[in-house]
Amino acid sequence: MSKNVVETPVPSARRIAGFSCYQGFAFALFYMGANKGLAFGTFVLERADLLCTLLCALATLLAMIRFPQAADRVLESDAALATCAFMLMAGAFVPSFVIPSPLLGLVTEGVLVGVPTATLLGAWGRVLGLSSPRVAACEIFASTAIAGAVCFAASAFGPGAVSLLTVAFPAASVGMLLVTGAGRTSPSGEGPRPPHASETAQAGTSRHARMLSRRMLAGALLYGVSAGFMEAYRSDPGTLATPTLPATLLILALFCVAVLQSLLASKTHEKNPLGHTYRIVLLVTMAGFLFAPVLQNSGVPGEAIVLAGFLGLTATYLALFIAASTLAGIDSSHMFRRGFAALYAGEALGIIVSNAFDCLPFADWAAYATLASAGLATLISYLFLFTEADFKELSAVVDAVDPMQAMHAAIVESAKLSERESEVLALALKGRTNERIARELCIAKSTADTHLRRIYAKAKVHSRQELLDYGEKLVR
């Protein structure tokens, strides 16, 4: 089998379209709206809307971590996912028009948006984890670039276009989830393990994976704190939540396209395609911090660059969550829950501390204190928590191809299988029964039987053992 068969990513257009809608909704709702403050006497809590949403999303993620089996049942329910779409669309409008009390409106909006946002994160984590880490990374960066470009275009048409996006994006994202099949990965959290690995080697890999995961989560927590600081930076209640968002989205889209180009590079022998991404995104972010006072009145102010860096880092972390789950052999949905719980907890803490700065006697210096604290949190994470060496070690998994993935790619190319047949083949090679394949792909058992018969016919084999022998022959 040629090297090109194993290592060339083949992203799914459906997954890219669906996840770009999810990302686009988050951008439109969190950054393209107004800064909703909540008054407590003379003090006004800035970004109270985002804080409520983050706290509700965090509570949902913690509940999913605490009760994983119940969470998996929710992710496997089409009705639950459809309900999430309706909640997101309602959350964008109901509190403003129906609920007169500001506090009750913010809490209602937090529940209607935060709970389904966290739930759909788990669902998309599961779907994206169906691919190899490299393909998943391509899909994540492509989706983020598309979402950034669409929201950038919508910002030129005013609030009406933004309102349309907050309605269309959730429906389209959940629609793609239902078409793709959110419940394909088993609830037990099992994942592919390298064949013929000894128990000792697996235990060592598991311990190493846990260590890297803990460092990554610690880094995500502190990066979240830094992002929370920037959420309230130079934005007053009643004004735009992110005045510099168009510039941010343009920089983000260009960054994602550059990373995607690296992942899809024709030089398939080049390892660790995300190896330099961490350094680049940190360089962009720190440049924004340093030049924020100088670029304050320019077309691309420093805070726009900083926010673009954070959003790019979030996309990078998404790819790393897939890599970490592959290394640990667990359901990628579980890693998404933990990772975003850390990120959201840090972001909520950052918003609270940033508001506390406004209450200090040196209020004139509050903006600079916020900026300095955000930059310091970023540096601490980069230097002492989730370092560049850790990033490179974990991101190397993105380029790895285990023997079963190589066999799958070889059979798909040689037998000219369709996309759905490729999905059935992936589960069949993992030893799933026909009933299990039907359940995980959300199709009828008779349909799974038909797909398997077609795979056998195209590969000119008559059983799964012959299919495995055929795949091993192709790999050799």
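These numbers come from a predicted model, not from an experiment. Sequence order as written defines residue numbering, which begins from 1 separately in each chain. In view of the model being predicted, local features appear only for residues whose pLDDT reaches at least 70, and side-chain atom pairs are presented and counted only at 80 or more, with totals across whole chains, interfaces and linings using the full set of residues. The basis for every side-chain value is the complete set of heavy atoms in the structure, and neither hydrogens nor water enter the calculation.

**So, the overall build of the protein**
Line of reasoning, step 1. Strands are runs of DSSP state E lasting at least 2 residues, helices are runs of H or I lasting at least 4, and numbering of each runs from the N terminus. On a plain count of helices and strands, the protein comes out with 21 helices and two strands.
Line of reasoning, step 2. Think of it in three bands: residues with accessible area under 20% of the maximum for their type are buried, residues over 50% are exposed, and the middle band is partly exposed, with areas taken using a 1.4 Å probe on protein chains only. Among the 476 residues that make up the protein, the fraction classed as buried is 54%.
Line of reasoning, step 3. Should any heavy atoms of two residues lie within 4.5 Å, those residues are considered in contact. In the protein, 81% of the contacts between residues at least 6 apart in sequence involve partners at least 24 apart.
Line of reasoning, step 4. Using a 1.4 Å probe, the Shrake-Rupley method yields the accessible areas, and only the shown protein chains count as cover for residues. When the accessible area of the protein is evaluated, it comes to approximately 19,800 Å², of which 66% is carbon and sulfur surface.

**As for unusual backbone geometry**
Phi is mostly negative for residues that are not glycine, and the peptide bonds are mostly trans.
Line of reasoning, step 1. For Arg-47, which is not glycine, the phi dihedral falls at a positive 50 degrees.
Line of reasoning, step 2. Among the secondary structure elements, Arg-47 is positioned in the loop between β2 (43-45) and α3 (48-66).
Line of reasoning, step 3. For Lys-460, which is not a glycine, the phi torsion comes out positive at approximately 60 degrees.
Line of reasoning, step 4. The residue Lys-460 is located in the loop between α20 (445-459) and α21 (464-475) in this model.

**Here's the deal with the packing of aromatic side chains**
Line of reasoning, step 1. Paired rings are identified among Phe, Tyr and Trp, the last through its six-membered ring, by centres lying within 6.5 Å, and are further divided according to the angle between planes into stacked (under 30 degrees), edge-to-face (over 60) and tilted (the rest). Applying the stated criterion across every chain yields a total of 17 aromatic pairs.
Line of reasoning, step 2. Taken together, a centroid distance of 5.8 Å and an interplanar angle of 45 degrees make the contact between Tyr-317 and Phe-386 tilted. Of this pair, Tyr-317 sits in helix α13 (residues 302-328) while Phe-386 sits in the loop between α15 (366-385) and α16 (388-395), placing them 69 residues apart in sequence.
Line of reasoning, step 3. By relative accessible area, which is 6% here, Tyr-317 ends up buried.

**Concerning a nonpolar patch on the surface**
Line of reasoning, step 1. Like-charged residues are merged into a patch within 9 Å and nonpolar side chains (Val, Leu, Ile, Met, Phe, Trp, Tyr) within 5 Å, provided each residue has over 30% relative accessible area and no salt bridge. In the sections that follow, a salt bridge refers to a side-chain nitrogen of Lys or Arg positioned within 4 Å of a carboxyl oxygen of Asp or Glu. The grouping of Leu-376, Leu-379, Ile-380, Leu-383 and Phe-384 at the surface amounts to a nonpolar patch, some 490 Å² of accessible area in total.
Line of reasoning, step 2. Tracing the backbone through its elements, the reader meets Ile-380 in helix α15.
Line of reasoning, step 3. Given the relative accessible area of 34%, Ile-380 is considered partly exposed.

**So, the nonpolar core**
Line of reasoning, step 1. To define a nonpolar core, start from buried Ala, Val, Leu, Ile, Met, Phe, Trp, Tyr and Cys residues and group those joined through side-chain atoms within 4.5 Å. Core analysis: the biggest nonpolar cluster contains 95 residues, and Phe-141, Met-216, Tyr-278 and Phe-340 have the highest contact counts within it.
Line of reasoning, step 2. Sequence-distant contacts of Met-216, that is, excluding residues within four places in its chain, are made with Tyr-317, Leu-320, Phe-321, Ala-324, Met-335, Phe-386 and Leu-394.

**So, the side chain of Thr-316**
Line of reasoning, step 1. Position of Thr-316 among the secondary structure elements: in helix α13.
Line of reasoning, step 2. Dropping the residues within four chain positions of it, Thr-316 is found in contact with Phe-141, Phe-255, Thr-277 and Phe-391.

**As for the pattern of salt bridges**
Line of reasoning, step 1. Overall, the coordinates contain twelve salt bridges when judged by the stated rule.
Line of reasoning, step 2. Arg-47 is paired through a salt bridge with Asp-49; the nearest N and O atoms lie 3.6 Å apart. Taken individually, Arg-47 and Asp-49 each receive the classification buried, so the pair is uniform in this respect.
Line of reasoning, step 3. Salt bridges sharing common partners tie together Arg-14, Glu-419, Arg-420 and Glu-423.

**Things to note about the confidence of the model for the protein**
Line of reasoning, step 1. Predictor confidence is given residue by residue as pLDDT, running from a minimum of 0 to a maximum of 100. Across the protein, the average pLDDT comes to 80, with 83% of residues at 70 or higher.
Line of reasoning, step 2. For the protein, the element scoring lowest by mean pLDDT is helix α1 (residues 3-7), at 37; α3 scores highest, at 93.
Line of reasoning, step 3. The model gives residues 1-9 a pLDDT under 50, and that stretch makes 22 contacts with residues more than four places away or in other chains.
Line of reasoning, step 4. This model gives residues 183-205 a pLDDT under 50, and the stretch forms 41 contacts once residues within four places in sequence are excluded.

**Some remarks on the environment of Ala-396**
Line of reasoning, step 1. Position of Ala-396 relative to the elements: it lies in the loop between α16 and α17 (403-415).
Line of reasoning, step 2. With 73 residues separating them in the primary sequence, Ala-396 and Ala-323 have C-alpha atoms 8.4 Å apart.

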